[in-house]
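# Chain and residue survey
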Amino acid sequence: MTQQPSTGRGLRREPVPVASVGDMLGAAFAGLVVGIAVVLVLEGILALTGAADFGETNGWLIVILPVWLFIEQFRAEGYGADRVVVALLGIGFGAALGMTVAGLLADYTPNLVSGGSGAVTGTVVYCFVWFYGLRWLRQRSG
């Protein structure tokens, strides 16, 4: 009996760091689009059943898949204090700007739109801080 070569099924592949900021933004936007679709379906179900008015669900829910991407990118960069510092800066700046946008729109739009706008803003800010901040810090630290 001959032994079959492994196909790699069932094995977890290691995450790979993105090569460009465009790749990271593209993957994050793809996650946002899927999140928007899921939240809109949830909104439709809630509105049809009479459980809530359309647009009252928190729009920040759309950020779930981009956060998963960010965690995988964090894991892909290996060990070191530089990735922790840049991740914390990205979270801080992304959350601050995202909440600012959501707060500015909260009086004029439903929760779904204001929270979604904040989530999109926070995602874009985090992508730029993570990609360029990590490269800048690694260049400075040698």
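For the structure, see preceding data.
Let us look at the structure shown here.

Conventions used here
- Numbering of residues begins from 1 in every chain and follows the order in which that chain's sequence is written.
- Two thresholds apply to this predicted model, a pLDDT of at least 70 for residue-level local features and 80 or more for giving and counting side-chain atom pairs, whereas whole-chain, interface and lining totals are computed over all residues.
- Side-chain descriptors were evaluated using all non-hydrogen atoms of the structure, hydrogens and water having been removed beforehand.
- Here the nonpolar core consists of buried residues drawn from Ala, Val, Leu, Ile, Met, Phe, Trp, Tyr and Cys, with membership extended through side-chain atoms lying within 4.5 Å.
- Accessibility here uses a 1.4 Å probe with only protein chains present; expressed as a share of the type maximum, an area under 20% marks a residue as buried, one over 50% as exposed, and anything in between as partly exposed.
- Secondary structure counts use DSSP, requiring at least four H or I residues in a row for a helix and at least two E residues in a row for a strand, with both numbered from the N terminus.
- Every residue pair with non-hydrogen atoms within 4.5 Å of one another is taken to be in contact.
- A pairing counts as a salt bridge when a side-chain nitrogen of Lys or Arg comes within 4 Å of a carboxyl oxygen of Asp or Glu.
- In this scheme Phe, Tyr and Trp rings, the latter by its six-membered ring, pair at centre separations within 6.5 Å, and the angle between planes marks the pair as stacked below 30 degrees, edge-to-face above 60, and tilted otherwise.
- In this scheme, the term charge over a ring applies when either NZ of a lysine or CZ of an arginine sits within 6 Å of the ring centre and within 35 degrees of the ring normal.

Our next topic: the nonpolar core. Formed by 14 residues in total, the largest nonpolar core has its most connected members in Met24, Phe70, Tyr126, Cys127 and Trp130. Contributing elements (two or more residues each) for this core: helix H1 (21-49), helix H2 (64-76), helix H3 (81-105) and helix H4 (111-141). Beyond its immediate chain neighbours, meaning those up to four positions away, Trp130 contacts Met24, Gln73, Phe74, Glu77, Arg83, Val86 and Ala87.

In the structure shown here, the tally under the stated rule is three salt bridges. Ionic pairing is found between Arg75 and Glu72, a salt bridge with its closest N-O pair at 2.8 Å. In this pair, Arg75 and Glu72 are both assigned in helix H2, three residues apart and thus about one turn of the helix distant. Residue Glu72 is classed as buried on the basis of its relative accessible area, which comes to 19%. The residue Asp82 makes a salt bridge to Arg138 at a minimum N-O spacing of 2.6 Å. Within this pair, whereas Asp82 is found in helix H3, its partner Arg138 is found in helix H4, the two being separated by 56 residues in sequence.

Our next topic: the packing of aromatic side chains. Evaluation of the coordinates by the stated rule reveals five aromatic pairs. Measuring from ring centre to ring centre gives 6.1 Å for Phe128 and Tyr132, while their planes differ by 10 degrees; the resulting arrangement is stacked. Here Tyr132 and Phe128 lie together in helix H4, a separation of four residues that amounts to about one turn. Among the residues examined, Phe128 registers a relative accessible area of 36% and is labelled partly exposed. The interplanar angle of 90 degrees and the centroid separation of 5.2 Å between the aromatic rings of Phe131 and Tyr132 together place this pair among those described as edge-to-face. Looking at Phe131, the relative accessible area reads 7%, which means it is buried. Here the aromatic residues Phe70, Phe74, Tyr126 and Trp130 are joined through ring pairs into a cluster of three or more. Taking the ring centre of Phe74 as reference, the NZ or CZ of Arg83 above it sits at 3.9 Å. Sitting above the plane of the Phe131 ring, Arg135 keeps its charged end 3.7 Å from the centroid.

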